[in-house]
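# Residue-level structural notes
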Amino acid sequence: MTERYGVDSEVGTLRTVMLHRPGNELRRLTPRNNDKLLFDGIPWVGRAQDEHDAFAQVLRDRGVEVLYLHELLIEALGDPTARAQAVEGAIADLRLGDTLRDYLAASLTSLDPGGLAEALMAGVRNDEVRAGGLVTSLLAHEDFLIDPLPNLLFTRDSSVWIRNSVAVTSLAMPARVRETQLTELIYGFHPRFAGAGKVYDHSLEHVEGGDVLALGPGVLAVGVGERTTPAGVERLARRVFAQDLAHTVLAVPIAQQRATMHLDTVCTMVDVDAVLMYPNMAEEMRALAVTTDGDQLHVAEPEPFLVAAAKALGIDTLRRIDTGLDPVTAEREQWDDGNNTLALAPRVCIAYERTVETNQRLEESGVDVIRISGSELGSGRGGPRCMSCPILRDPA
Ligand SMILES: NC(=O)NCCC[C@H](N)C(=O)O
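These numbers were taken from a predicted model, which means no experiment stands behind them.

## Some remarks on the UniProt feature "active site" (unreviewed entry) in the protein chain
- Taking the UniProt record as the reference, the feature "active site" (unreviewed entry) is found at Cys 386.
- Secondary-structure assignment places Cys 386 in the loop between strand E19 (368-372) and strand E20 (389-393).
- Among all residues touching Cys 386, those that are not within four sequence positions of it are Leu 153, Phe 154, Thr 155, Arg 156, Asp 264 and Asn 340.

## A closer look at the sheet that holds E19
- Strand order in this open sheet of 3 strands is E17-E18-E19, and the pairing throughout is mixed. Here the strands that pair on one side only, and so sit at the sheet edges, are strand E17 (342-345) and E19. The mean inter-strand angle of the sheet, taken between neighbouring strand axes irrespective of direction, is 30°.
- As judged from the 5 bridges shared by strand E18 (residues 348-352) and E19, these two strands associate in the parallel manner. Note that in E19 the partner of Ile 350 across the bridge is Ile 370.

## A few points about the domain arrangement of the protein chain
- Segmenting the protein chain into domains produces domain 1 (14-19 + 33-70 + 150-393) and domain 2 (71-146).
- Just the C-alpha atoms count here: the centres of domain 1 and domain 2 sit 31 Å apart.
- Contacts between domain 1 and domain 2 engage 15 residues on the former and 18 residues on the latter.
- With both sides pooled, the region where domain 1 packs onto domain 2 buries about 1,600 Å², and carbon together with sulfur makes up 68% of that total.
- Of all residues in domain 1, the largest losses of buried area upon contact with domain 2 belong to His 70, Leu 185 and Phe 189, amounting jointly to 40% of the total for that side.
- The tally of links between domain 1 and domain 2 comes to 10 residue pairs in polar contact (both at pLDDT 80 or more).
- Counting only elements with at least two residues in the side of domain 1 that touches domain 2, the list comes to strand E2 (65-68), helix H2 (69-76) and helix H8 (179-189).
- Considering every element that reaches the side of domain 1 that touches domain 2, the biggest residue donor is H8, with 5 residues.
- Class assignment of the residues belonging to the side of domain 1 that touches domain 2 gives a composition of 10 nonpolar, 4 polar and 1 charged.

## Quick look at the site of the ligand
- Of all residues adjacent to the ligand, which total 15 residues, the nearest are Leu 38, Asn 151, His 262, Gly 380 and Cys 386.
- A distance of 2.8 Å separates a nitrogen atom of the ligand from a polar backbone atom of Leu 38.
- Here His 262 contributes a side-chain N or O atom positioned 2.7 Å from an oxygen atom of the ligand.
- In isolation the ligand offers 350 Å² of accessible surface; the protein chains occlude 100% of this area.
- Judged by the proximity of its atoms to the pocket grid, the ligand belongs to the second largest cavity.

## With respect to the nonpolar core
- By size, the foremost hydrophobic cluster in this structure holds 40 residues, and its most contacted members are Leu 77, Trp 161, Tyr 187 and Phe 193.
- For this core, the elements supplying multiple residues, two or more each, are H2, helix H3 (80-90), helix H4 (97-109), helix H5 (113-122), strand E4 (144-146), strand E6 (165-168), H8 and E20.
- Examining the composition of this core, we find that 5 residues originate from one element, H5, more than from any other.
- Each of domain 1 (14-19 + 33-70 + 150-393) and domain 2 (71-146) contributes no fewer than three residues to this core.
- If near-sequence neighbours (up to four positions away) are discounted, Tyr 187 is found in contact with Met 18, Ser 159, Trp 161, Val 166, Val 168, Phe 193, Lys 198, Cys 389 and Ile 391.
- Core analysis: the next-biggest nonpolar cluster, separate from the first, contains 31 residues, Val 17, Ala 175, Ile 370 and Met 387 among them.

## Considering the layout of surface pockets
- In this structure, the largest pocket encloses a volume near 660 Å³.
- Contributions of two or more residues to the lining of the largest pocket are made by H3 and E4.
- In terms of residue count, E4 provides more of the lining of the largest pocket than any other element does, 3 residues in total.
- Looking at side-chain class alone, the lining of the largest pocket contains 12 nonpolar, 4 polar and 11 charged residues.

Reading guide: rules and limits
Residues numbered from 1 in each chain as written. Predicted model: local features only at pLDDT ≥ 70, side-chain atom pairs only at ≥ 80, totals over all residues. Heavy atoms only, no water. UniProt positions renumbered as here; feature names shortened; annotations may be inferred. Helix = DSSP H or I, 4+ residues; strand = E, 2+ residues; numbered from the N terminus. Contact = heavy atoms within 4.5 Å. Pairing = 2+ DSSP bridges. Axes fitted to C-alpha atoms, helices over the stretch in contact; angles between N-to-C directions. Domains from an automatic or database assignment. Buried area = accessible area lost by both parts, 1.4 Å probe. Polar contact = N/O pair within 3.5 Å; in protein donor to acceptor, adjacent residues only side chain to side chain. Nonpolar A, V, L, I, M, F, W, Y, C, P; charged D, E, K, R; others polar. Near = heavy atom within 4 Å. Areas by Shrake-Rupley, 256 points an atom, 1.4 Å probe, with all protein chains shown as cover. 1 Å grid on protein atoms, 1.4 Å probe; cavity = no way out; pocket = protein on both sides within 12 Å on 5 of 7 lines; lining within 4 Å. Sits in = over half its atoms within 2 Å of the grid points. Core = buried A, V, L, I, M, F, W, Y, C linked by side-chain atoms within 4.5 Å. Buried < 20%, exposed > 50% of the residue type's maximum accessible area, 1.4 Å probe, protein only. Points joined across faces, edges and corners; volume = space filled by probe spheres on them.

This is the structure we're talking about:
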(Lines give C-alpha, C1' and ligand atoms only; values in the text may rest on other atoms or scores of the structure.)
Protein backbone atom coordinates (compact mmCIF):
# COMPACT_ATOMS: atom_id res chain seq x y z
CA MET A 1 0.00 0.00 0.00
CA THR A 2 1.25 3.48 -0.78
CA GLU A 3 2.19 5.34 2.37
CA ARG A 4 -0.19 8.13 3.31
CA TYR A 5 1.74 9.52 6.26
CA GLY A 6 5.22 9.45 7.73
CA VAL A 7 7.94 12.06 8.26
CA ASP A 8 11.53 11.26 9.20
CA SER A 9 13.26 14.54 8.36
CA GLU A 10 12.79 18.24 7.76
CA VAL A 11 13.89 18.12 4.15
CA GLY A 12 12.81 14.87 2.45
CA THR A 13 10.64 15.72 -0.59
CA LEU A 14 7.34 16.96 0.76
CA ARG A 15 4.37 14.92 -0.50
CA THR A 16 1.43 15.79 1.75
CA VAL A 17 0.88 18.73 4.07
CA MET A 18 -1.96 19.96 6.27
CA LEU A 19 -2.74 23.67 6.12
CA HIS A 20 -5.51 25.76 7.58
CA ARG A 21 -6.96 28.44 5.31
CA PRO A 22 -7.72 31.39 7.62
CA GLY A 23 -11.46 31.84 8.07
CA ASN A 24 -14.01 33.51 10.30
CA GLU A 25 -11.91 32.88 13.40
CA LEU A 26 -9.66 35.72 12.16
CA ARG A 27 -12.70 38.03 11.93
CA ARG A 28 -13.01 37.74 15.71
CA LEU A 29 -9.78 39.63 16.35
CA THR A 30 -10.18 43.14 17.74
CA PRO A 31 -7.71 45.64 19.21
CA ARG A 32 -8.96 44.56 22.62
CA ASN A 33 -8.41 40.84 22.26
CA ASN A 34 -5.56 40.48 19.77
CA ASP A 35 -2.80 40.30 22.38
CA LYS A 36 -4.57 37.59 24.32
CA LEU A 37 -5.23 35.75 21.07
CA LEU A 38 -1.52 36.00 20.18
CA PHE A 39 -1.80 38.24 17.11
CA ASP A 40 0.29 41.38 16.77
CA GLY A 41 -2.33 43.22 14.77
CA ILE A 42 -5.70 42.94 13.11
CA PRO A 43 -5.23 41.19 9.79
CA TRP A 44 -7.19 42.09 6.65
CA VAL A 45 -8.86 38.72 6.39
CA GLY A 46 -9.60 38.70 2.64
CA ARG A 47 -6.00 39.51 1.84
CA ALA A 48 -4.73 36.94 4.33
CA GLN A 49 -6.86 34.34 2.53
CA ASP A 50 -5.45 35.41 -0.84
CA GLU A 51 -1.91 35.12 0.52
CA HIS A 52 -2.71 31.73 1.97
CA ASP A 53 -4.26 30.52 -1.30
CA ALA A 54 -1.09 31.56 -3.11
CA PHE A 55 0.98 29.62 -0.53
CA ALA A 56 -1.15 26.52 -1.10
CA GLN A 57 -0.82 26.93 -4.88
CA VAL A 58 2.96 27.06 -4.66
CA LEU A 59 2.82 23.76 -2.82
CA ARG A 60 0.45 22.18 -5.35
CA ASP A 61 2.55 23.43 -8.25
CA ARG A 62 5.41 21.46 -6.72
CA GLY A 63 3.29 18.31 -6.60
CA VAL A 64 2.45 18.51 -2.91
CA GLU A 65 -0.97 17.26 -1.82
CA VAL A 66 -2.58 19.98 0.30
CA LEU A 67 -5.05 18.86 2.93
CA TYR A 68 -7.09 21.45 4.79
CA LEU A 69 -7.61 21.10 8.51
CA HIS A 70 -11.22 22.28 8.32
CA GLU A 71 -12.10 19.72 5.64
CA LEU A 72 -10.49 16.89 7.59
CA LEU A 73 -12.36 18.08 10.67
CA ILE A 74 -15.73 18.10 8.90
CA GLU A 75 -15.07 14.61 7.57
CA ALA A 76 -14.04 13.38 11.03
CA LEU A 77 -17.21 14.90 12.49
CA GLY A 78 -19.24 12.61 10.22
CA ASP A 79 -18.76 10.09 13.04
CA PRO A 80 -21.38 10.51 15.81
CA THR A 81 -18.82 9.64 18.52
CA ALA A 82 -16.54 12.38 17.20
CA ARG A 83 -19.42 14.88 17.31
CA ALA A 84 -20.20 13.95 20.90
CA GLN A 85 -16.52 14.31 21.87
CA ALA A 86 -16.34 17.66 20.08
CA VAL A 87 -19.36 19.04 21.91
CA GLU A 88 -18.12 17.78 25.27
CA GLY A 89 -14.74 19.44 24.74
CA ALA A 90 -16.22 22.75 23.59
CA ILE A 91 -18.53 23.17 26.58
CA ALA A 92 -16.14 22.07 29.32
CA ASP A 93 -15.18 25.66 30.14
CA LEU A 94 -16.03 26.65 33.71
CA ARG A 95 -17.10 30.12 32.55
CA LEU A 96 -20.36 28.70 31.28
CA GLY A 97 -22.26 27.39 34.27
CA ASP A 98 -24.89 24.67 34.02
CA THR A 99 -27.72 26.52 32.23
CA LEU A 100 -25.56 27.86 29.44
CA ARG A 101 -23.67 24.60 29.16
CA ASP A 102 -26.88 22.63 28.70
CA TYR A 103 -28.11 25.14 26.15
CA LEU A 104 -24.88 25.01 24.16
CA ALA A 105 -24.75 21.22 24.36
CA ALA A 106 -28.19 21.02 22.77
CA SER A 107 -27.56 23.64 20.11
CA LEU A 108 -24.14 22.29 19.11
CA THR A 109 -25.52 18.76 18.98
CA SER A 110 -28.20 19.90 16.53
CA LEU A 111 -25.61 21.19 14.04
CA ASP A 112 -24.40 19.24 11.02
CA PRO A 113 -20.64 18.52 10.79
CA GLY A 114 -20.00 21.72 8.79
CA GLY A 115 -21.86 23.94 11.25
CA LEU A 116 -20.25 22.27 14.23
CA ALA A 117 -16.77 22.65 12.74
CA GLU A 118 -17.44 26.35 12.14
CA ALA A 119 -18.54 26.87 15.76
CA LEU A 120 -15.47 25.03 17.04
CA MET A 121 -13.12 27.15 14.91
CA ALA A 122 -14.74 30.60 14.90
CA GLY A 123 -16.19 30.30 18.40
CA VAL A 124 -19.57 31.49 19.68
CA ARG A 125 -20.30 34.91 21.12
CA ASN A 126 -22.77 35.60 23.90
CA ASP A 127 -24.93 37.79 21.65
CA GLU A 128 -25.13 35.04 19.03
CA VAL A 129 -27.22 32.76 21.23
CA ARG A 130 -30.57 33.06 22.95
CA ALA A 131 -29.72 30.99 25.95
CA GLY A 132 -31.42 32.96 28.73
CA GLY A 133 -30.43 32.58 32.37
CA LEU A 134 -28.10 34.30 34.82
CA VAL A 135 -24.70 33.76 33.26
CA THR A 136 -25.65 34.94 29.81
CA SER A 137 -27.31 38.04 31.30
CA LEU A 138 -24.23 38.95 33.30
CA LEU A 139 -21.67 38.36 30.55
CA ALA A 140 -21.00 41.16 28.08
CA HIS A 141 -22.59 40.88 24.64
CA GLU A 142 -19.25 40.37 22.98
CA ASP A 143 -17.88 37.83 25.45
CA PHE A 144 -17.06 34.50 23.89
CA LEU A 145 -18.81 31.40 25.20
CA ILE A 146 -16.56 29.33 22.98
CA ASP A 147 -13.31 31.10 22.13
CA PRO A 148 -12.28 31.52 18.49
CA LEU A 149 -9.07 29.81 17.39
CA PRO A 150 -7.24 32.25 15.06
CA ASN A 151 -3.96 30.40 15.58
CA LEU A 152 -5.31 27.30 13.84
CA LEU A 153 -3.50 28.91 10.90
CA PHE A 154 -0.28 27.60 12.44
CA THR A 155 -0.91 23.90 11.89
CA ARG A 156 2.71 23.18 12.78
CA ASP A 157 2.08 23.56 16.46
CA SER A 158 -1.00 21.46 17.21
CA SER A 159 0.32 18.18 15.85
CA VAL A 160 3.57 16.76 14.54
CA TRP A 161 4.39 13.54 12.73
CA ILE A 162 7.35 11.56 14.01
CA ARG A 163 7.94 8.79 11.50
CA ASN A 164 4.54 7.12 11.14
CA SER A 165 3.20 8.16 14.53
CA VAL A 166 1.47 11.41 15.21
CA ALA A 167 1.99 13.52 18.30
CA VAL A 168 -1.04 15.60 19.18
CA THR A 169 0.73 18.25 21.17
CA SER A 170 0.01 19.95 24.49
CA LEU A 171 -0.17 23.68 23.83
CA ALA A 172 1.04 26.07 26.49
CA MET A 173 -0.89 29.28 25.83
CA PRO A 174 -4.51 29.43 27.03
CA ALA A 175 -5.60 30.93 23.68
CA ARG A 176 -4.42 27.83 21.85
CA VAL A 177 -5.24 24.96 24.20
CA ARG A 178 -8.48 24.00 22.44
CA GLU A 179 -6.78 23.62 19.04
CA THR A 180 -5.66 20.15 20.00
CA GLN A 181 -9.23 19.06 20.62
CA LEU A 182 -9.61 19.50 16.87
CA THR A 183 -6.42 17.72 15.85
CA GLU A 184 -7.32 14.93 18.24
CA LEU A 185 -10.67 14.52 16.45
CA ILE A 186 -8.97 14.48 13.05
CA TYR A 187 -6.39 11.86 13.96
CA GLY A 188 -8.83 9.86 16.08
CA PHE A 189 -11.71 9.67 13.62
CA HIS A 190 -10.64 10.48 10.06
CA PRO A 191 -10.37 7.22 8.09
CA ARG A 192 -7.17 8.42 6.40
CA PHE A 193 -5.32 8.12 9.71
CA ALA A 194 -6.96 4.94 10.97
CA GLY A 195 -3.72 2.92 11.21
CA ALA A 196 -1.46 5.70 12.47
CA GLY A 197 0.48 5.35 15.72
CA LYS A 198 -0.14 7.89 18.49
CA VAL A 199 2.87 9.07 20.44
CA TYR A 200 1.64 12.08 22.44
CA ASP A 201 -1.59 13.73 23.55
CA HIS A 202 -2.86 17.04 24.86
CA SER A 203 -3.14 15.89 28.48
CA LEU A 204 0.64 15.55 28.84
CA GLU A 205 3.34 18.11 29.68
CA HIS A 206 3.59 21.04 27.27
CA VAL A 207 5.19 20.33 23.90
CA GLU A 208 4.46 22.45 20.80
CA GLY A 209 5.15 21.31 17.24
CA GLY A 210 7.09 24.46 16.36
CA ASP A 211 9.70 23.30 18.86
CA VAL A 212 10.13 19.86 17.29
CA LEU A 213 12.60 19.46 14.41
CA ALA A 214 13.28 16.08 12.80
CA LEU A 215 16.94 16.69 12.05
CA GLY A 216 17.21 13.33 10.35
CA PRO A 217 16.00 9.75 10.80
CA GLY A 218 16.02 8.98 14.52
CA VAL A 219 17.13 12.43 15.65
CA LEU A 220 14.82 15.10 17.04
CA ALA A 221 15.78 18.55 18.24
CA VAL A 222 13.27 20.01 20.70
CA GLY A 223 13.31 23.66 21.73
CA VAL A 224 12.65 24.33 25.42
CA GLY A 225 11.53 27.86 26.15
CA GLU A 226 8.32 29.88 26.17
CA ARG A 227 6.20 26.93 25.05
CA THR A 228 7.75 23.48 25.42
CA THR A 229 8.74 22.87 29.02
CA PRO A 230 11.66 20.86 30.41
CA ALA A 231 9.17 18.24 31.59
CA GLY A 232 7.60 18.27 28.10
CA VAL A 233 10.83 17.35 26.33
CA GLU A 234 11.51 14.65 28.92
CA ARG A 235 8.05 13.17 28.37
CA LEU A 236 8.37 13.33 24.59
CA ALA A 237 11.77 11.65 24.76
CA ARG A 238 10.35 8.81 26.87
CA ARG A 239 7.46 8.40 24.47
CA VAL A 240 9.49 8.38 21.23
CA PHE A 241 12.07 6.01 22.71
CA ALA A 242 9.35 3.63 23.89
CA GLN A 243 7.95 3.45 20.34
CA ASP A 244 11.43 3.29 18.80
CA LEU A 245 10.78 6.43 16.76
CA ALA A 246 14.10 8.08 17.62
CA HIS A 247 17.42 7.19 19.22
CA THR A 248 18.40 10.74 20.25
CA VAL A 249 16.43 13.76 21.40
CA LEU A 250 18.39 17.00 21.60
CA ALA A 251 16.92 19.36 24.19
CA VAL A 252 17.73 22.89 23.04
CA PRO A 253 17.17 25.75 25.51
CA ILE A 254 15.91 28.93 23.83
CA ALA A 255 15.12 32.33 25.33
CA GLN A 256 11.67 32.48 26.91
CA GLN A 257 10.33 35.40 24.90
CA ARG A 258 7.85 36.03 22.12
CA ALA A 259 10.45 36.64 19.41
CA THR A 260 11.81 33.14 19.96
CA MET A 261 8.63 31.37 20.99
CA HIS A 262 9.56 28.16 19.16
CA LEU A 263 12.81 26.59 17.99
CA ASP A 264 11.63 26.99 14.39
CA THR A 265 11.61 30.78 14.75
CA VAL A 266 15.39 30.71 15.00
CA CYS A 267 16.48 27.54 13.25
CA THR A 268 15.18 25.48 10.31
CA MET A 269 16.81 22.88 8.09
CA VAL A 270 17.35 23.60 4.41
CA ASP A 271 19.41 20.55 3.41
CA VAL A 272 20.19 17.11 4.85
CA ASP A 273 23.27 18.59 6.46
CA ALA A 274 22.54 22.33 6.65
CA VAL A 275 20.56 24.61 8.92
CA LEU A 276 19.56 28.22 8.64
CA MET A 277 20.06 29.86 12.03
CA TYR A 278 19.34 33.26 13.48
CA PRO A 279 22.86 34.69 13.61
CA ASN A 280 22.36 36.56 16.88
CA MET A 281 21.76 33.25 18.65
CA ALA A 282 23.69 30.77 16.56
CA GLU A 283 26.91 30.93 18.54
CA GLU A 284 25.43 30.36 21.95
CA MET A 285 22.85 27.71 21.09
CA ARG A 286 23.50 24.56 23.14
CA ALA A 287 21.94 21.12 23.17
CA LEU A 288 21.69 18.35 25.74
CA ALA A 289 21.61 14.98 24.01
CA VAL A 290 19.11 12.59 25.56
CA THR A 291 19.40 8.87 24.81
CA THR A 292 18.22 5.70 26.48
CA ASP A 293 19.50 2.25 27.33
CA GLY A 294 15.97 0.95 27.03
CA ASP A 295 15.22 1.72 30.64
CA GLN A 296 16.78 4.96 31.94
CA LEU A 297 17.22 8.26 30.11
CA HIS A 298 20.82 9.40 29.71
CA VAL A 299 21.45 13.12 29.51
CA ALA A 300 24.77 14.33 28.10
CA GLU A 301 26.50 17.55 29.14
CA PRO A 302 25.47 20.60 27.09
CA GLU A 303 27.40 21.01 23.86
CA PRO A 304 27.21 23.53 21.01
CA PHE A 305 24.03 22.71 19.08
CA LEU A 306 25.77 22.04 15.76
CA VAL A 307 28.28 19.69 17.40
CA ALA A 308 25.65 17.71 19.28
CA ALA A 309 23.43 17.55 16.19
CA ALA A 310 26.22 16.31 13.88
CA LYS A 311 27.19 13.61 16.41
CA ALA A 312 23.60 12.44 16.74
CA LEU A 313 23.17 12.37 12.95
CA GLY A 314 26.45 10.51 12.53
CA ILE A 315 27.86 13.10 10.11
CA ASP A 316 31.07 15.13 10.31
CA THR A 317 29.49 18.56 10.23
CA LEU A 318 26.07 20.09 10.27
CA ARG A 319 26.58 23.22 8.18
CA ARG A 320 25.22 26.50 9.38
CA ILE A 321 24.13 28.71 6.53
CA ASP A 322 25.65 31.94 7.68
CA THR A 323 23.44 34.79 6.57
CA GLY A 324 26.19 37.16 7.65
CA LEU A 325 23.61 39.80 8.45
CA ASP A 326 24.35 42.70 10.73
CA PRO A 327 22.60 42.26 14.10
CA VAL A 328 19.86 44.81 13.46
CA THR A 329 18.87 43.44 10.05
CA ALA A 330 19.07 39.95 11.49
CA GLU A 331 16.79 40.89 14.37
CA ARG A 332 14.24 42.55 12.05
CA GLU A 333 14.17 39.61 9.65
CA GLN A 334 14.02 37.04 12.45
CA TRP A 335 10.94 38.85 13.80
CA ASP A 336 9.42 38.60 10.32
CA ASP A 337 10.02 34.85 10.26
CA GLY A 338 13.02 34.91 7.94
CA ASN A 339 14.40 31.83 9.69
CA ASN A 340 11.07 30.01 9.49
CA THR A 341 11.48 28.42 6.07
CA LEU A 342 9.59 25.35 4.90
CA ALA A 343 11.75 22.86 3.00
CA LEU A 344 10.04 21.24 -0.01
CA ALA A 345 13.11 19.11 -0.72
CA PRO A 346 16.82 19.38 0.02
CA ARG A 347 17.94 22.93 -0.93
CA VAL A 348 14.45 24.10 -1.93
CA CYS A 349 12.40 26.13 0.51
CA ILE A 350 9.49 28.54 0.82
CA ALA A 351 10.07 31.86 2.60
CA TYR A 352 8.28 35.16 3.01
CA GLU A 353 9.33 37.67 0.34
CA ARG A 354 9.79 40.41 2.93
CA THR A 355 12.86 38.83 4.49
CA VAL A 356 14.85 40.10 1.54
CA GLU A 357 18.37 39.81 2.86
CA THR A 358 18.03 36.42 4.51
CA ASN A 359 16.54 35.04 1.27
CA GLN A 360 19.32 36.49 -0.80
CA ARG A 361 22.00 34.93 1.42
CA LEU A 362 20.21 31.60 1.30
CA GLU A 363 20.33 31.70 -2.50
CA GLU A 364 24.00 32.62 -2.45
CA SER A 365 24.49 29.45 -0.39
CA GLY A 366 22.83 27.33 -3.07
CA VAL A 367 19.30 27.10 -1.68
CA ASP A 368 16.35 27.78 -4.03
CA VAL A 369 13.95 30.17 -2.32
CA ILE A 370 10.33 30.33 -3.42
CA ARG A 371 8.94 33.60 -2.12
CA ILE A 372 5.39 34.09 -0.92
CA SER A 373 3.80 37.24 0.36
CA GLY A 374 2.76 37.33 3.99
CA SER A 375 1.97 40.92 4.86
CA GLU A 376 -1.30 39.87 6.51
CA LEU A 377 -0.46 36.27 7.40
CA GLY A 378 2.62 37.49 9.25
CA SER A 379 0.57 39.45 11.79
CA GLY A 380 0.10 36.19 13.68
CA ARG A 381 3.92 35.88 13.97
CA GLY A 382 4.43 32.73 12.01
CA GLY A 383 6.06 31.89 8.69
CA PRO A 384 5.84 29.10 6.11
CA ARG A 385 7.08 26.41 8.49
CA CYS A 386 4.63 27.42 11.22
CA MET A 387 1.76 27.40 8.72
CA SER A 388 2.30 23.81 7.59
CA CYS A 389 2.13 20.37 9.14
CA PRO A 390 3.98 17.89 6.92
CA ILE A 391 2.16 14.57 6.90
CA LEU A 392 4.20 12.70 4.31
CA ARG A 393 7.76 13.27 3.19
CA ASP A 394 10.01 10.98 1.17
CA PRO A 395 12.68 9.38 3.35
CA ALA A 396 15.64 11.73 3.69
N1 LIG B 1 5.88 27.46 15.08
C2 LIG B 1 5.60 28.74 15.27
O3 LIG B 1 6.47 29.54 15.55
N4 LIG B 1 4.32 29.09 15.20
C5 LIG B 1 3.84 30.43 15.24
C6 LIG B 1 2.74 30.59 16.21
C7 LIG B 1 2.22 31.99 16.27
C8 LIG B 1 1.05 32.16 17.22
N9 LIG B 1 0.48 33.46 17.09
C10 LIG B 1 1.47 31.92 18.65
O11 LIG B 1 1.82 32.88 19.33
O12 LIG B 1 1.43 30.79 19.12
